[in-house]
Amino acid sequence: MRFLSSLALLTLAAVLHAYAAPTIFLAGDSTMANKPLDLPERGWGMALGALMKAEVKVDNHAVNGRSTKSFIDEGRWEKITQALQPGDFVIIQFGHNDEKKEDPKRYTDPATSFRDNLRRFIRETRARGASPILATPVARRKFDAQGKLQATHGDYPAAVRTVAREEKVPLLDLETATSAWLQAA
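Below or above, wherever it landed, is the structure these notes cover.

Criteria and cut-off values
Residues numbered from 1 in each chain as written. Predicted model: local features only at pLDDT ≥ 70, side-chain atom pairs only at ≥ 80, totals over all residues. Heavy atoms only, no water. Helix = DSSP H or I, 4+ residues; strand = E, 2+ residues; numbered from the N terminus. Buried < 20%, exposed > 50% of the residue type's maximum accessible area, 1.4 Å probe, protein only. Polar contact = N/O pair within 3.5 Å; in protein donor to acceptor, adjacent residues only side chain to side chain. Phe/Tyr/Trp six-rings, centres within 6.5 Å; stacked < 30°, edge-to-face > 60°. Contact = heavy atoms within 4.5 Å. Expected span 1.5 Å × (residues − 1). Arc of directions from axis to C-beta. Pairing = 2+ DSSP bridges.

1. Observations concerning the environment of glutamate 41
Item 1. Along the chain, glutamate 41 falls in the loop between β1 (23-28) and α2 (45-48).
Item 2. Given the relative accessible area of 41%, glutamate 41 is considered partly exposed.
Item 3. Here the side chain of glutamate 41 touches lysine 35 through a polar contact of 2.9 Å, side chain to side chain.

See the structure below:
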């Protein structure tokens, strides 16, 4: 979790400092989700609250196995939008499960429907007076025979970066940060 105290989170903390008591909503998959404390696995969203001022609330809606499509279809996104207040933030991190072509309940195309869903999240967050923040998916721990980390997310991280740039949304490039961290470990 050392990468979480990186420049990206320091930047986020500086932005949040301007607001008295915002809530940071998290929308994403297992890599961000809260986990039972009796398991060794942790989503990075579990640690985020400890890095914030006491007045900042983190409301983690991330769930294992979710894609942008299933998050919307299951009504999880609507719960966030209904709770949003002006001055709140939403960190949106998907890609891991959007990649699953064999599962029509989760799959989104990185060139079309995935980007459309990200734009919807941005549009609806802004409509409530809150600020969206996009995050690329974290790197998977997959190494080749020489110990070099392998990219496993295809076009999804680039799609997130493109939408962030086009929509002028802050980006947490977790894929780049976690790749560097995993390769150095």
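2. Comments concerning the packing of aromatic side chains
Item 1. Within the structure shown, the criterion is met by 4 aromatic pairs.
Item 2. When the ring of phenylalanine 71 is compared with that of phenylalanine 94, the centres are 5.3 Å apart and the planes differ by 65°; the resulting orientation is edge-to-face. Note that phenylalanine 71 is positioned in helix α3 (residues 68-73) and phenylalanine 94 in the loop between β3 (89-93) and α5 (113-127), a separation of 23 residues in sequence.
Item 3. Judged by its relative accessible area of 0%, phenylalanine 71 is buried.
Item 4. Assessed through its relative accessible area of 1%, phenylalanine 94 is described here as buried.
Item 5. Between phenylalanine 114 and tyrosine 156, the ring centres sit 5.0 Å apart and the planes meet at 80°, which makes this aromatic pair edge-to-face. On the criterion of sequence distance, the pair formed by phenylalanine 114 in helix α5 and tyrosine 156 in helix α6 (residues 156-167) is long-range, its members being 42 residues apart.
Item 6. Here phenylalanine 114 falls in the buried class, since its relative accessible area comes to 0%.

3. Things to note about the side chain of threonine 31
Item 1. Within the element layout of this structure, threonine 31 appears in the loop between β1 and α2.
Item 2. Overall, threonine 31 belongs to the buried group, its relative accessible area being 17%.
Item 3. At 2.6 Å, the side chain of threonine 31 forms a polar contact with the side chain of glutamine 93.
Item 4. Filtering out sequence-adjacent residues up to four positions away, threonine 31 remains in contact with Gly43, Trp44, Gln93, His96 and Val138.

4. Remarks on the side chain of threonine 81
Item 1. Summarising the element assignment, threonine 81 is placed in helix α4 (residues 76-83).
Item 2. Reaching out from threonine 81, the side chain makes a polar contact with the backbone oxygen of glutamate 78 at a distance of 3.0 Å.
Item 3. Apart from the residues lying within four places of it in its own chain, the contact partners of threonine 81 are Glu124 and Arg128.

5. Some details on α5
Item 1. Between its terminal C-alpha atoms α5 stretches 21 Å, which fits the 21 Å expected from 15 residues at 1.5 Å a residue.
Item 2. Those residues of α5 lying buried are Phe114, Asn117, Leu118, Phe121, Ile122 and Thr125. Taken down its axis, α5 places every buried residue within 140° of arc, on the same side. Across α5 from its buried face, at more than 90 degrees, point the exposed residues Arg123 and Ala127.
Item 3. Where α5 is buried, its residues contact α3, α4, β3, β4 (131-135) and α6.
Item 4. Taken from the residues just after α5, glycine 129 is the one with a positive phi, measuring 80°.

6. Here we look at the pairing of β1
Item 1. Of all 6 residues that make up β1, 6 are buried, and the element is covered over most of its length.
Item 2. The alternating pattern of β1 places Thr23, Phe25 and Ala27 on one face and Ile24, Leu26 and Gly28 on the opposite face, and all of these are buried.
Item 3. Bridge count for β1 against strand β2 (residues 57-60) is 4 bridges, and the pairing is parallel. Paired with phenylalanine 25 across the strands is aspartate 59, a residue of β2.
Item 4. Pairing between β1 and β3: 5 bridges, direction parallel.

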